[in-house]
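What the coordinates show
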Amino acid sequence: IDLFTRALAGAPDFHDARLNLGIAYQQAGRPAEAAAAWRELLRRAPTSAGRERQAATELLRALR
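In this report, the structure presented in the accompanying data block is examined.

A word on the pattern of salt bridges. The final tally for this structure, using the stated rule, is seven salt bridges. For Arg44, the salt bridge identified is with Asp13, shortest N-O distance 2.9 Å. Taken together, the residues Arg44 in helix α3 (residues 31–44) and Asp13 in the loop between α1 (2–10) and α2 (15–27) connect sequence positions 31 residues apart. As a salt-bridge pair, Arg51 and Glu52 come within 3.5 Å of each other at their nearest N and O atoms. The structure contains a network of salt bridges with shared partners spanning Asp13, Glu40, Arg43 and Arg44.

See the structure below:
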């Protein structure tokens, strides 16, 4: 989590890092923070970032 957070501090549009930050939060038992990371990815990622957007959308659905 710390590594992804630091990476995003320097490059907030690093979509793979944000996707993986959400996964790390989920695996740490922190689903609200995971969802926030994925929602932020969806907010920031252009539609051309299809793979990241699709993964974030599917992961958010799985949390419900």
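This brings us to the packing of α3 against helix α4 (residues 50–63). The geometry of α3 relative to α4 is characterised by a closest axis approach of 9 Å and an angle of 150 degrees between their N-to-C directions. The angle between α3 and α4 falls in the class roughly antiparallel. Classified by chirality, the crossing of α4 by α3 is left-handed. Here Pro31, Ala35, Trp38, Arg39, Leu41 and Leu42 of α3 come into contact with α4, specifically with Glu52, Arg53, Ala56, Thr57, Leu59, Leu60 and Leu63. Taken together, the residues of the contact of α3 with α4 break down into nine nonpolar, one polar and three charged.

What follows concerns the nonpolar core. Leu19, Leu21, Trp38, Leu41 and Ala56 are the most contacted members of the largest nonpolar core, which totals 14 residues. Of all elements in the fold, only α2, α3 and α4 reach the threshold of two or more residues within this core. At five residues, α3 tops the list of elements feeding residues into this core. Sequence-distant contacts of Ala56, that is, excluding residues within four places in its chain, are made with Leu19, Trp38, Leu41 and Leu42.

Cut-offs and rules
Residues numbered from 1 in each chain as written. Predicted model: local features only at pLDDT ≥ 70, side-chain atom pairs only at ≥ 80, totals over all residues. Heavy atoms only, no water. Salt bridge = Lys/Arg side-chain N within 4 Å of Asp/Glu carboxyl O. Helix = DSSP H or I, 4+ residues; strand = E, 2+ residues; numbered from the N terminus. Axes fitted to C-alpha atoms, helices over the stretch in contact; angles between N-to-C directions. Parallel < 35°, antiparallel > 145°, perpendicular 65-115°, else oblique. Left-handed = near helix turned anticlockwise from the far one by under 90°. Contact = heavy atoms within 4.5 Å. Nonpolar A, V, L, I, M, F, W, Y, C, P; charged D, E, K, R; others polar. Core = buried A, V, L, I, M, F, W, Y, C linked by side-chain atoms within 4.5 Å. Buried < 20%, exposed > 50% of the residue type's maximum accessible area, 1.4 Å probe, protein only.

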